[in-house]
Amino acid sequence: MDHRLTLSQYKLTNFLACQRRFQLRSLRRLPWPASPLPERTEQVLQQGQDFHQLLERHFLGLHISLASIEDGRIQQWWRAFQAHNPVQHLLPSARFLPETGLTVPLGNHLLYGRFDLLVTGEDDEGRPFAHVFDWKTGKPIIAADLQLRWQTRLYLALLAEGGSAFWPQAVPFAPEQIRLTYWFVQEPEAPITIGYSTTEHATNWNELQQIAAQLDEAFTANIWPLTEDWNHCRECAYQIYCGRQGVGTAVPELDEAEEPDTPNEQLLTPELP
Ligand code: SF4
């Protein structure tokens, strides 16, 4: 197999939404989007990225002064973070790893994710734990939807399979010792934490392996069908390649701090506040 890919949540989501879009975007690397993002969208995206960088500096141990933050909205987010810091309850002995990536093998491919913040340590009973924090500057999302997101499933699976890279003597984390917390600037007092279990991981990993196998089949046959769900086409910049311009357009979801495959790819999936 000479088509080894590094699969991020974007690639997985694209492949499952529409195999043709996956081919055009990730294999043929056609430019996206065709037209620039609206000015407000670009500004919101930039603020989100700046806030992530601010928290990265904070967790690297650098002092952040309010006066050094020029943007009023980011100042407001920083104040909210200081008032409702979701990490403060973790043990002082825990290790804080901001903007940390992890790659694990998945069939013929690699699975990749980058965490806004990974915290590792030992709980009160001496068991190693891993806790990921994800900062969201867009609209809050309910727990049930977050649970289903590929971002959630990917991060939890990555840590269960490859988290030992972050622990001495390469001890793996039991799935029950892995958590993911989403913290929304718009609801700072109500972070959402999602746990994991051995049973969930078995199901999750099995599905990921099946997707990798589907991907191999698509490569072998070199067939990349158009989606039958035309709703996906509304947010797609490739309508003209598929003759689906008549479906209408919608502003795609934007996430300000996901892992880009190319320097510009993080502009491609906006999540608006
Ligand atoms: S327009 Fe629709 S069918 Fe064509 S690539 Fe985009 S999502 Fe797929």
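Predicted model, so just to flag it, every value in this text is computed and none were measured.

Below, the discussion takes up the overall build of the chain. Assigned secondary structure in the chain consists of nine helices and six strands. Counting all 273 residues of the chain, 32% fall into the buried class. Of the contacts made within the chain by residues no fewer than 6 positions apart, 65% connect residues no fewer than 24 positions apart.

Another aspect to go through is the nonpolar core. Core analysis: the largest hydrophobic core is formed by 44 residues, its most contacted members being Val132, Tyr155, Leu156 and Leu159. At seven residues, helix α6 (residues 150-162) tops the list of elements feeding residues into this core.

We now examine helix α1 (residues 9-17). Taken together, the buried positions of α1 are Gln9, Tyr10, Lys11, Leu12, Asn14 and Phe15. Packing partners of the buried residues in α1 comprise β1 (6-7), α2 (19-27), β3 (109-122), α6 and α7 (198-221).

This paragraph deals with unusual backbone geometry. Here the phi dihedral of Arg29 falls at roughly 55°; this positive angle occurs in a residue that is not glycine. Residue position: Arg29 is located in the loop between α2 and α3 (39-59). Judged by the 11 C-beta atoms lying within 10 Å of it, Arg29 falls in the exposed class. Residues other than glycine seldom take positive phi values, yet Glu99 does so here, at roughly 50°.

With that out of the way, let us pick up the site of the ligand. Around the ligand sit 13 residues in total, of which Cys18, Leu226, Cys233, Cys236 and Cys242 are the nearest. Counting residues per element, the ones that place at least two in the shell around the ligand are α2, α8 (231-234) and α9 (239-242). By residue number, the principal contributor to the shell around the ligand is α2, which donates three residues. Looking at side-chain class alone, the shell around the ligand contains seven nonpolar, three polar and three charged residues.

Let's shift gears to the environment of Thr100. Here Thr100 shows up in strand β2 (residues 95-106). Taking the C-alpha atoms as reference points, Thr100 and Asp116, separated by 16 residues in sequence, lie 6.8 Å from one another. Non-local contacts of Thr100, meaning those with residues more than four positions away in its chain, are made with Arg114, Phe115 and Leu118.

Our next topic: the pairing of β3. Where β1 lies against β3, two bridges are found, and the strand directions are parallel. Bridging from a neighbouring strand, Leu7 pairs with Leu111 of β3. By the bridge criterion, eleven bridges tie β2 to β3 in an arrangement that is antiparallel. Counterpart to Leu102 in the pairing with β3 is Gly113. Between β2 and the antiparallel strand that follows it, β3, lie two residues; Gly107 among them carries a positive phi value of about 60°. Pairing of β3 with strand β4 (residues 128-136) involves six bridges; the strand directions are antiparallel. Bridging from a neighbouring strand, Leu118 pairs with Val132 of β4. Between β3 and β4, which pair antiparallel and follow one another directly, the connecting turn spans five residues, one of which, Gly126, has a positive phi of 80°.

Here the focus is helix α4 (residues 72-83). Here α4 contains twelve residues, and its C-alpha end-to-end distance of 17 Å stays within 8% of the 16 Å for a straight helix at 1.5 Å per residue. Every buried residue of α4 is listed here: Trp77, Trp78 and Phe81. Taken around the axis of α4, the buried residues stretch over an arc of 100°, which confines them to a single face. Away from the buried face of α4 by more than 90 degrees, exposed residues Gly72, Gln76 and Ala83 are located.

For the pair α1 and α6, the least separation of the axes is 9 Å and the interaxial angle reads 130°. As the angle between them shows, α1 and α6 are arranged oblique. For α1 against α6, the interelement crossing comes out right-handed. Of the residues in α6, those touching α1 at Gln9, Leu12 and Thr13 are Trp150, Gln151 and Leu154. Classifying every residue of the contact of α1 with α6 gives three nonpolar, three polar and no charged.

What counts, and where the lines are drawn
Residues numbered from 1 in each chain as written. Predicted model: local features only at pLDDT ≥ 70, side-chain atom pairs only at ≥ 80, totals over all residues. Helix = DSSP H or I, 4+ residues; strand = E, 2+ residues; numbered from the N terminus. Buried ≥ 20, exposed ≤ 12 C-beta atoms within 10 Å, placed from the backbone. Contact = placed C-beta atoms within 7 Å. Core = buried A, V, L, I, M, F, W, Y, C linked by C-beta atoms within 7 Å. Near = placed C-beta within 6 Å. Nonpolar A, V, L, I, M, F, W, Y, C, P; charged D, E, K, R; others polar. Pairing = 2+ DSSP bridges. Expected span 1.5 Å × (residues − 1). Arc of directions from axis to C-beta. Axes fitted to C-alpha atoms, helices over the stretch in contact; angles between N-to-C directions. Parallel < 35°, antiparallel > 145°, perpendicular 65-115°, else oblique. Left-handed = near helix turned anticlockwise from the far one by under 90°.

Everything listed here is a matter of coordinates, which is why it stays silent on function.
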